[in-house]
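Observations on chain architecture
Chain by chain, the residues:
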Amino acid sequence: MVAESVIINDPHNNIETLEIDVLAGDRYYLKIFSPEPGNSSLYDLQISSIEGFTLIATDISLPTAQPGDEVPFLRLDFKSPDPATLDKLNINVFGTLPVHWVSGVSIYEDTNGSGEFDSGDELIAHIPQQWINRFRFSNLDYSIPASETTTLFVSMDIDPDASLGTVGISLESYKDVVINEGYIVSYRRFPMRSGVTIIE
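With that settled, the discussion passes to the overall build of the chain. Of the regular secondary structure elements, the chain holds zero helices and 13 strands. What you see in the chain, going N to C, is helices and strands ordered as β-β-β-β-β-β-β-β-β-β-β-β-β. When the 200 residues of the chain are sorted by exposure, 34% land in the buried category. Residue pairs in contact within the chain that sit at least 24 positions apart in sequence constitute 73% of those at least 6 positions apart. In the form shown here, the chain has an accessible surface area of approximately 12300 Å², with 49% of it arising from carbon and sulfur atoms.

Attention now goes to the pattern of salt bridges. Applying the stated rule across the entire model yields three salt bridges. In this structure, Arg193 and Glu172 form a salt bridge, with 3.0 Å as the shortest nitrogen-oxygen distance. Of this pair, Arg193 sits in strand β12 (residues 192-193) while Glu172 sits in the loop between β10 (165-171) and β11 (177-179); the two residues are 21 residues apart in sequence, bridging distant segments of the chain. The exposure class of Arg193 is partly exposed, given its relative accessible area of 48%.

The next subject is the sheet that holds strand β6 (residues 122-128). Reading across the sheet, the five strands line up as β1-β3-β9-β5-β6 and stay open at both edges, with antiparallel pairing between neighbours. Each having just a single partner strand, β1 (54-59) and β6 make up the two edges of the open sheet. Strand-to-strand twist of the sheet, defined as the mean angle between neighbouring strand axes without regard to direction, takes the value 20°.

A separate point is the side chain of Ser194. Tracing the backbone through its elements, the reader meets Ser194 in the loop between β12 and β13 (197-199). For Ser194, a relative accessible area of 8% puts it in the buried group. Residues in contact with Ser194, not counting those within four places in the same chain, are Asp59, Phe73, Leu74, Phe94, Gly168 and Ile169.

Here we take up a nonpolar patch on the surface. On the surface, a nonpolar cluster with roughly 310 Å² of combined accessible area is contributed by Tyr174, Ile184 and Tyr187. Among the structural elements, Tyr174 can be located in the loop between β10 and β11.

Let us now look at the side chain of Ser170. Structurally, Ser170 is set in strand β10. Overall, the relative accessible area of 1% leaves Ser170 in the buried class. Within polar-contact distance, the side chain of Ser170 engages the side chain of Glu172 at 2.6 Å. When neighbours within four sequence positions are excluded, Ser170 is seen to be in contact with Asn90, Ile91, Asn92, Phe94, Met192 and Arg193.

This next bit is on the nonpolar core. If you look at the biggest cluster of nonpolar residues, it comprises 39 residues, and the most contacted ones within it are Phe137 and Val177. When near neighbours in sequence (up to four residues on either side) are disregarded, Val177 contacts Leu55, Phe78, Leu86, Lys88, Leu89, Leu171, Val185 and Phe190.

This brings us to the packing of aromatic side chains. Tallied over the full model, the rule gives four aromatic pairs. Residues Phe53 and Tyr183 carry aromatic rings whose centres are separated by 5.6 Å and whose planes lie at 20° to one another, so their mutual orientation is stacked. With a gap of 130 residues between them, Phe53 in the segment before β1 and Tyr183 in the loop between β11 and β12 connect regions that are remote in the sequence. Owing to a relative accessible area of 5%, Phe53 belongs among the buried residues under this scheme. Between the aromatic rings of Tyr108 and Phe117, the centroid separation amounts to 5.2 Å while the plane-to-plane angle is 70°, which identifies the pairing as edge-to-face. Its relative accessible area of 14% is what places Tyr108 among the buried residues. Its guanidinium or amino end placed over the ring of Phe94, Arg193 lies 5.0 Å from that ring's centre, counting from NZ or CZ.

What counts as what
- Residues numbered from 1 in each chain as written.
- Predicted model: local features only at pLDDT ≥ 70, side-chain atom pairs only at ≥ 80, totals over all residues.
- Heavy atoms only, no water.
- Helix = DSSP H or I, 4+ residues; strand = E, 2+ residues; numbered from the N terminus.
- Buried < 20%, exposed > 50% of the residue type's maximum accessible area, 1.4 Å probe, protein only.
- Contact = heavy atoms within 4.5 Å.
- Areas by Shrake-Rupley, 256 points an atom, 1.4 Å probe, with all protein chains shown as cover.
- Salt bridge = Lys/Arg side-chain N within 4 Å of Asp/Glu carboxyl O.
- Pairing = 2+ DSSP bridges.
- Axes fitted to C-alpha atoms, helices over the stretch in contact; angles between N-to-C directions.
- Patch = residues over 30% accessible without salt bridge, like charges linked within 9 Å, V, L, I, M, F, W, Y side chains within 5 Å.
- Polar contact = N/O pair within 3.5 Å; in protein donor to acceptor, adjacent residues only side chain to side chain.
- Core = buried A, V, L, I, M, F, W, Y, C linked by side-chain atoms within 4.5 Å.
- Phe/Tyr/Trp six-rings, centres within 6.5 Å; stacked < 30°, edge-to-face > 60°.
- Lys NZ or Arg CZ within 6 Å of the ring centre and 35° of its normal.

Structure representation (structure tokens):
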């Protein structure tokens, strides 16, 4: 329960406003308790505005790729009502491709504002090859301005000697995104997964 009425029910004079903070994408219900039969009343649930930190992930993976390629997988669009700082981002790797054939995972900023992963994007962070399928980016200190959509891309480097297999990336939980100011992306939006790319 996020809010509760405390006034006595009166069908002739019963106007009460309850203000609550809501998250885009979440579902809210109005529940009525009637201890005894009485006259009818009109109940209304309205949302006047939604302001909160949001993250939308878009699959930009390729159907196929070759060993040695850098492959884009996710576009991440952040929006915050106030200035915010992205501190941590955990990227999970899945698929049949052994993780040691992933020679690195990178985060780029859409510097040129094209909305596409291209040569005009600036590298923000990179983690080289490792032996586990979870790449933990920390201390990013990446600024997200207020009320503007900020776009990042997540890509993967495939080792030139990689064997055949499939691979993709994901954000499995809201805990995979850490904002210094305490904003939390709604858990209902997770997992956020890319498509699967076939390495051939």
